[in-house]
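# An overview of the molecular structure
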Amino acid sequence: MENNENTQLTNPSKKKYVLKITAICLAVCVFAGIAFCIYIFMWNSGESKSKDWTIESNTVGNIRMCMTDAGRTVSLNIDYSALSESSSVTEDFDAETDIFIKMFGEWMTSMCKKDYDRHFSLFQPEFVQTMFTSRIEKQGLSYDEAIANIHEISFNTYGFYSMEFKYSLVNITVPSEEEFESIRDTFNHKFTEAGLDVSKIEAIIRYDFADFEIIINDCYLANAEDDLFNNFMFYKYNGKWYIFPNLMEDDHSIDLAYGDNSYYINEATVTGVVEEVGKYYVVLIGGMNFLVENTENISVGDNVTITYYSASPYLRKIGSDSICNIHTAKLITPSGIQN
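Residues numbered from 1 in each chain as written. Predicted model: local features only at pLDDT ≥ 70, side-chain atom pairs only at ≥ 80, totals over all residues. Heavy atoms only, no water.

## Some points on the nonpolar core
- Among the nonpolar cores identified, the biggest contains 82 residues, and Trp107, Phe165, Phe191, Tyr207, Tyr220 and Phe234 are the most heavily contacted of them.
- When sequence neighbours within four positions are dropped, the list of residues in contact with phenylalanine 165 reads Val74, Ser75, Leu76, Asn77, Met108, Thr109, Cys112, Phe212, Glu213 and Ile214.
- Val270, Leu284, Ile298 and Val304 belong to the second largest nonpolar core, which has 12 residues in total. (Core = buried A, V, L, I, M, F, W, Y, C linked by side-chain atoms within 4.5 Å. Buried < 20%, exposed > 50% of the residue type's maximum accessible area, 1.4 Å probe, protein only. Contact = heavy atoms within 4.5 Å.)

## As for unusual backbone geometry
- Positive phi values are uncommon outside glycine, yet lysine 114 reaches one of about 55 degrees.
- Inspection of the secondary structure puts lysine 114 in the loop between α2 (99-113) and α3 (116-120).
- Its relative accessible area of 4% is what places lysine 114 among the buried residues.
- The phi dihedral of asparagine 238 is positive, around 50 degrees, even though this residue is not glycine.
- Inspection of the secondary structure assignment puts asparagine 238 in the loop between β9 (232-237) and β10 (240-243).
- Given a relative accessible area of 54%, asparagine 238 falls into the exposed group. (Helix = DSSP H or I, 4+ residues; strand = E, 2+ residues; numbered from the N terminus.)

## Description of the side chain of serine 110
- Along the chain, serine 110 turns up in helix α2.
- Setting aside anything within four residues of it in sequence, one finds serine 110 in contact with Asp115, Arg118, His119 and Leu122.

Structure (structure tokens):
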């Protein structure tokens, strides 16, 4: 990425975003996430056709959307009550039909879940080809094979059975003509590499988000820095809206695509006494935390043997300042009750 990608309306570099999301927002999935087999994001005349998000509520200043697949749920809770009066679009803003609200939610959830089929659908196919498909093809993998490998690893080894994303939309900006041309100049090299013509960018819009947090399994929390999602830009090309290619993740997806990353699939076993049980988690005496799909037959005081995956993010328990190193349980075997 060239150094001139630093205009007023230009996003931080992809590297900055990926590192920050991995270390902060994606503390929920330090190196991986959950992938769902879900519909891709479709486009027609510039309008989004996301088929699997449902509107749970839409009140003045707040909207909540939900998606469920394979028993796992993702919710978006967006507060736009503080949308700046200086925004380019305010009076006619409708969160329920606003495609950029949905696109940002798609981008964030796909990053956190490592759902790369969904993630890549937010970018022009030419960028996906040059930045991802062409690379995995050199290893003899097709796009579908690579996505299947990613899904198998991440879905099994990270037990994010419930995820809620909460954030605020604070400003919407349409760039001036001078800024518009500066942004197109900035991305000219990237578009040319992909065989695209940057002069065909028809429109650009920027959304500023703040107060971001992720709640995992109704118990664990990851926060993000407020400046992480400022200056989030979308562009229109041949009548369709996309996210700029500097925000397409093309490093970790390649690692996962090969399907043999021992960091994720390594297993370990521990025996201990259950100290706390939630809907999707178990805590052992001594502080080990596990994400669990079903805890109906597990009770406080049970002596259990847990086989778990070695990959583990760091999260904070809601209501506590303590940071937890959390594993996903593959199997929990009750072996008696402690008296």
